[in-house]
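Survey of secondary and tertiary structure
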Amino acid sequence: MSDSQSPTSSSFDSASGSAADQNVVRSRRSGDGAQTLASEPSRRWRDIFWLAIFMLHLVVLGLSLVVLGLNRYGKKDRLNIDRYTPRYTEHHGGLTEDYWPMYAVAGGVGTVLGCTWLLFLGSQANQMMKVSVHILTTYLAVISVLCFWGKLFFWGVMSGIGAALQFLYVISVIDRLPFTMLVLQKAVKMVWSLPKVMRIAYAFMLVMLLWMGLWSFGAAGVVASSMGDGQRWWLLVVLSVSLFWTGAVLCNTVHVIVSGMVFLVLIHGGHEPSSIPSNSLMKSLRYAVTTSFGSICYGSLFTAAIRTLRWEIRGVRSKIGNNECLLCCVDFLFHLVETLVRFFNKYAYVQIAVCGKSFNHSARDAWELFQSTGVEALVAYDCSGAVLLMGTLLGGLVTGTCSGVWTWIKWRDKMSMVGSTAMLMGMVLVGLAMVVVESAVTSIYICYAEDPLLIHRWDSEFFDQMSEMLHQRLQYRSARAREVLTHNRFDGHTQEMLPA
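Predicted model only: the values in this text are computed from it and were never measured.

**Let's talk about the overall build of the protein chain**
- Per the secondary structure count, the protein chain includes 20 helices and zero strands.
- In the protein chain, buried positions account for 53% of the 500 residues.
- Taking all contacts inside the protein chain whose residues are at least 6 apart in sequence as the whole, residues at least 24 apart take part in 81%.
- In the form shown here, the protein chain has an accessible surface area of approximately 22700 Å², with 66% of it arising from carbon and sulfur atoms.

**Brief notes about the confidence of the model for the protein chain**
- Counting all residues, the mean pLDDT for the protein chain is 80, and 76% of those residues have values of 70 or more.
- By mean pLDDT, the top-scoring element of the protein chain is helix 4 (residues 48-70) (93), and the lowest-scoring one is helix 1 (residues 9-15) (39).
- Predicted confidence for residues 1-41 stays below pLDDT 50, and this span has 75 contacts to residues more than four positions away or in other chains.

**Digging into the packing of helix 5 (residues 96-119) against helix 18 (residues 415-450)**
- Helix 18 packs onto helix 5 with a crossing angle of 20° between their chain directions and a minimal axis gap of 9 Å. Overall, the two elements helix 5 and helix 18 adopt an arrangement that is roughly parallel. Note on packing geometry: the crossing formed by helix 5 with helix 18 is right-handed. Mapping the contact onto sequence places Tyr99, Met102, Tyr103, Ala106, Gly107, Gly110, Thr111, Leu113, Gly114, Trp117 and Leu118 in helix 5 and Met417, Val418, Thr421, Ala422, Met425, Gly426, Leu429, Val430, Ala433, Met434, Val436 and Val437 in helix 18.
- Looking at the contact of helix 5 with helix 18 residue by residue, the classes come out as 17 nonpolar, six polar and no charged.

**Quick notes on the environment of Glu376**
- Among the structural elements, Glu376 can be located in helix 16 (residues 376-381).
- Spatially, the C-alpha atom of Glu376 lies 9.3 Å from that of Tyr445, the residues being 69 residues apart in sequence.

**Some details on the environment of Gly294**
- When you line up the elements, Gly294 lands in helix 12 (residues 293-317).
- On the basis of relative accessible area, Gly294 is assigned to the buried category, the value being 0%.
- With residues up to four places along the chain from it excluded, the contact list for Gly294 reads Arg46, Asp47, Trp50 and Leu51.

**Describing the packing of aromatic side chains**
- A complete count under the given rule lists 18 aromatic pairs for this structure.
- When the ring of Phe148 is compared with that of Phe153, the centres are 6.2 Å apart and the planes differ by 55°; the resulting orientation is tilted.
- In this structure Phe148 comes out as partly exposed when scored by relative accessible area, which is 36%.

**Regarding helix 11 (residues 280-289)**
- Those residues of helix 11 not exposed but buried are Ser280, Leu281, Ser284, Leu285, Tyr287 and Ala288. Buried residues of helix 11, viewed axially, fall in a sector of 165°; they line one side.

**Quick look at the environment of Leu393**
- Looking at where Leu393 falls in the secondary structure, it is placed in helix 17 (residues 384-410).
- Here Leu393 falls in the partly exposed class, since its relative accessible area comes to 27%.
- The spatial distance from the C-alpha of Leu393 to the C-alpha of Val428 is 9.5 Å, given a sequence separation of 35 residues.
- Among residues more than four places away in sequence, those in contact with Leu393 are Leu136 and Met427.

**What to know about the nonpolar core**
- Of all hydrophobic cores here, the largest spans 128 residues; its most connected members are Trp117, Tyr445 and Ile455.
- With near-sequence residues (within four places) excluded, Ile455 lies in contact with Leu266, Ile444, Cys447, Tyr448, Ser460, Phe462, Phe463 and Met466.

**Concerning a nonpolar patch on the surface**
- On the surface, Phe148, Phe153, Phe154, Val157, Met158, Ile161 and Leu165 cluster together to form a nonpolar patch covering roughly 680 Å² of accessible area.
- Mapping Val157 onto the fold places it in helix 7 (residues 153-172).
- The exposure class assigned to Val157 is partly exposed, which follows from its relative accessible area of 41%.

**Here's the deal with the pattern of salt bridges**
- In this structure the tally under the stated criterion is five salt bridges.
- For Asp459, the salt bridge goes to Lys189, with nearest N and O atoms at 3.2 Å. With Asp459 in the loop between helix 19 (452-458) and helix 20 (460-497) and Lys189 in helix 8 (residues 177-192), the pair connects residues that are 270 residues apart, well separated along the chain.
- In this structure, the salt-bridge partner of Asp365 is Lys357, at a minimum N-O distance of 2.6 Å.
- When salt bridges that share partners are traced, they join Lys186, Lys189 and Asp459 into one network.

Calculation criteria
Residues numbered from 1 in each chain as written. Predicted model: local features only at pLDDT ≥ 70, side-chain atom pairs only at ≥ 80, totals over all residues. Heavy atoms only, no water. Helix = DSSP H or I, 4+ residues; strand = E, 2+ residues; numbered from the N terminus. Buried < 20%, exposed > 50% of the residue type's maximum accessible area, 1.4 Å probe, protein only. Contact = heavy atoms within 4.5 Å. Areas by Shrake-Rupley, 256 points an atom, 1.4 Å probe, with all protein chains shown as cover. pLDDT = per-residue confidence, 0-100. Axes fitted to C-alpha atoms, helices over the stretch in contact; angles between N-to-C directions. Parallel < 35°, antiparallel > 145°, perpendicular 65-115°, else oblique. Left-handed = near helix turned anticlockwise from the far one by under 90°. Nonpolar A, V, L, I, M, F, W, Y, C, P; charged D, E, K, R; others polar. Phe/Tyr/Trp six-rings, centres within 6.5 Å; stacked < 30°, edge-to-face > 60°. Arc of directions from axis to C-beta. Core = buried A, V, L, I, M, F, W, Y, C linked by side-chain atoms within 4.5 Å. Patch = residues over 30% accessible without salt bridge, like charges linked within 9 Å, V, L, I, M, F, W, Y side chains within 5 Å. Salt bridge = Lys/Arg side-chain N within 4 Å of Asp/Glu carboxyl O.

The following block contains the structure:
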């Protein structure tokens, strides 16, 4: 399995015990954990440096976007910027309003897809997630064929590689999908009981859409500029990185708000969300956009990239077999990424929501909690984050396709620029909807590790299923550990028996 690794001997000893016994130990260790978690934490401003960097980045980028867009709006080189870049000028370019409508389509399609996801969250969420898993490979393959047909060889190759990687990943985790869908179903059930949280997601989607209006204005100005393709691509990459960071910050702000609300629901028994304090949502929102916002900005820079890399390495590692050389190289990358995960993981946002800690402190505490309780084996087995990412990618691809096709009809040579940036816009907007469910999943795991009785009071059947799966994963790891130790001892004994 993909979560097989080389844990310490103490992990093996604990793995031999039953999951039920470990639940009892965790319950005793946490004691009155519910009361502790429910208590009002002292809040201080955290990671202020990264908050300042993010806000400065927004101001500088905002002014740059206005200048880039205005320079080509209604008149070519309105602000006479071309005189500063004579060596990069290769053609006369176009106007901002020529390309801005394509980005408007991207914003509209992305918003419709995100709102549709939130609208059908309670009734069709599982079906939508299953479709995302199975249709993404086909969609990428079709895009690859169309790109080759249109002589866009680079994008054809990239889409083909993406389809192959997606297919291989799904094959490597196919046995995990039933448990993953179970966890996602319970997370959807939790979120659906909190209608106010859905309104927060809609509100943040509107904020992101407003920012994208300005961002696409500047991006359209870059596409219409008289610079060469190389210079325009570099500018679009810089703008895309900025949009990715901004989108990640808004997504993780929603993550923190939802996590705080889910925690409160579980602490209050999980049956009556209306029993929690009426001002809890506003408190969670206030903390997320003030004292904890610096931690959110900091974590948003690295968490998504490291998490995606971890999924891919786990999938490859599980299918290597007995190739010792390749396994050694992949193991090196695996342990490197695992070290980074201790300091950058999505579970940190739950600790930020509940305790108001800094990001690194929260990530380290969350990971140590998983390691000490054995729940890390369950977290590693679950693929809910990857499934939600597939839905986000599919939404982005649909958005990019809509804008790209229109651009292909009008300006064939600009299709790659507009289509790729429009795809990122769609991913951000759909991701804002997906993060609502992901927040509930992470909160469920943190609660299960901190005090399993919180999950038991909420859904006893689900608690039994999680405990049984945890027991199986710990047994599997223990068996793999014994196999590795036996193999090493056999090799050592064989070498001793060989004549010098």
